[in-house]
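Chain by chain, the residues run as shown.
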Amino acid sequence: MMVLGIETSCDETAAAVVSHGERILSNVVWSQVATHHPYGGVVPELASRKHVEKIVPVVEEALDRSGVNSNRLDGVAVTCGPGLVGALLVGASFAKAYAYAQGLPLTGVNHLEGHVAAVYMERPPPPFPFVALLASGGHTNLYYVKGRTDFELMGQTRDDAAGEAFDKVAKLLGLGYPGGQVMDQLSEGGDPERIHFPRALLDKTSFDFSFSGVKTAVARYVAKVQQAGSVSLEDIAAGFQEAVVDVLVQKAIWATEKKRCETLAVVGGVAANSRLRFRIKEEANRFGVSVHIPKPELCTDNAAMIAAMGYWHLSEGKDSPLDLDVYSKKPRVLNGLSSNG
Ligand code: KG4
Ligand code: ZN
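All of these numbers come straight from a predicted model, not from anything done at the bench.

Any details on the sheet that holds strand β3 (residues 23–31)? Residues and values, ideally.
Spatial strand order, β3-β2-β1-β4-β5: 5 strands in an open sheet with mixed pairing. Each end of this open sheet is capped by a strand with a single partner; those strands are β3 and β5 (106–110). Pairwise comparison of adjacent strand axes, ignoring direction, gives a mean angle of 20 degrees for this sheet. Pairing of strand β2 (residues 12–19) with β3 involves 8 bridges; the strand directions are antiparallel. Bridge assignment links Val 18 to a residue of β3, and that residue is Ile 24. Running over the sheet, helix α3 (residues 85–102) touches β1 (2–7), β4 (75–81) and β5 and is turned about 160 degrees from β4. Packing against the sheet, helix α11 (residues 304–315) makes contact with β1, β2, β3, β4 and β5, and its axis sits at approximately 120 degrees to β5.

Which residues make up the coordination of the zinc ion (ligand 2), and what are the values?
All of the protein donors around the zinc ion (ligand 2) are His 111 (NE2), His 115 (NE2) and Asp 301 (OD); their distances to the metal are 2.0 to 2.1 Å. Counting along the primary sequence, the residues that act as donors to the zinc ion (ligand 2) give the motif H-x3-H-x185-D. Taken together, the positions of His 111 in helix α4 (residues 111–117) and Asp 301 in the loop between α10 (296–299) and α11 put the pair 190 residues apart, joining distant regions of the chain. For the residue pair His 111 and Asp 301, the accessibility class agrees, reading buried in each case.

Describe the nonpolar core, naming the residues involved and giving the relevant values.
One finds Leu 142, Phe 197, Phe 211, Phe 240, Leu 248 and Ile 280 to be the most contacted residues of the largest nonpolar core, which totals 47 residues. Sorting the residues of this core by element identifies β6 (130–135), β7 (140–147), α5 (162–172), α6 (180–187), α7 (212–228), α8 (233–258), β9 (263–267) and α9 (274–286) as the ones contributing at least two each. By residue number, the principal contributor to this core is α8, which donates 13 residues. The residues touching Leu 248, leaving out its near neighbours within four places in the chain, are Leu 133, Thr 140, Ala 162, Phe 209, Phe 211, Val 270 and Leu 276. With 31 residues, the next largest nonpolar core counts Val 3, Val 116, Phe 130 and Leu 298 among its residues.

Can you explain the pattern of salt bridges? Please cite residues and give values.
This structure, assessed with the given rule, holds 19 salt bridges. Measuring nitrogen to oxygen at the nearest pair gives 2.5 Å for the salt bridge that ties Asp 235 to Arg 194. In this pair, Asp 235 is assigned in helix α8 and Arg 194 in the loop between α6 and α7, connecting sequence segments 41 residues apart. Using a relative accessible area of 53% as the deciding quantity, one classes Arg 194 as exposed. Residues joined by salt bridges that share partners form a network here, namely Arg 199, Glu 242, Asp 246, Arg 275 and Arg 279.

The rules we used
- Residues numbered from 1 in each chain as written.
- Chains lettered and ligands numbered in written order.
- Predicted model: local features only at pLDDT ≥ 70, side-chain atom pairs only at ≥ 80, totals over all residues.
- Heavy atoms only, no water.
- Pairing = 2+ DSSP bridges.
- Helix = DSSP H or I, 4+ residues; strand = E, 2+ residues; numbered from the N terminus.
- Axes fitted to C-alpha atoms, helices over the stretch in contact; angles between N-to-C directions.
- Contact = heavy atoms within 4.5 Å.
- Donors = N, O, S within 2.8 Å, 3.2 Å for Na, K, Ca; no water.
- Buried < 20%, exposed > 50% of the residue type's maximum accessible area, 1.4 Å probe, protein only.
- Core = buried A, V, L, I, M, F, W, Y, C linked by side-chain atoms within 4.5 Å.
- Salt bridge = Lys/Arg side-chain N within 4 Å of Asp/Glu carboxyl O.

This is the structure we're talking about:
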């Protein structure tokens, strides 16, 4: 079964063709970073306009690269939330029109279940049940995943998401937007032990996260050392990254302990972070937990993960009607999946 996936929830216009929910035939991502960069963050109205401009060429390119003729497709999967409503509407409207014109079934995919579905395309995929840490620009959630659409939310961030903290700290260090990748690279030249930033909620009683404190601590530190005239951006980046990674790794491992579960998946844009990938593998190894992390390009937003999840929906007969709606926060597609916005 060949599924065309479409993703426009934020600042990437993406389309992909995936066969049987696991084999990627094409995966095209058009990033709008250059558009939003001067503003230091995503401007929703500009995002919608760029999606309108790019959706047709991006889908055409995905079909071209896949070598799959449109009449060989078996379905269309589209992200319907959570995300920016105007941006989501572009993808959803296109997907509906395309599915209708081609006579294909349509299915709406929750962006978060899409991120988790990225691991189903890795070999071997994780066996159910597993614990999933989803860390992105909008979410930091821990799930106990019992089935492809059966999620139990164990914890979530109470304020900033992990990726959001990376972006905000990068901005205050003058590194531009988005900041995760540049902080990751900068940290390589720094000493993660030199500056100790706080690790919030680091106890076994809660699986919730909080990252706004560490961001404020970095801001205070920067103000202090700037006055003294000495500041090593590399050490600040490495110290901040280590604080975030410590909490993510520790809580994910505790979650596997709590559920007596030996499988952990790490997904979402922050799962592309090289230090997190290294540390979580090291720690999981120590605890006898097998860890599944998609390759970096499947961690950040893409449409292959949406097509993969769409395949599972369609193979279970979960088609969506043509009046499928989009949503910014509340998941309406699934019970069990939760979003903090
Ligand atoms: O999943 P994603 O592409 O979009 C959302 O659903 O939010 O995640 C984007 C987030 C951004 O905050 C970005 O800075 C962060 O993931 N990110 C990273 C890295 N690559 C992307 N954070 C840390 N290290 C990275 N290498
Ligand atoms: Zn995402």
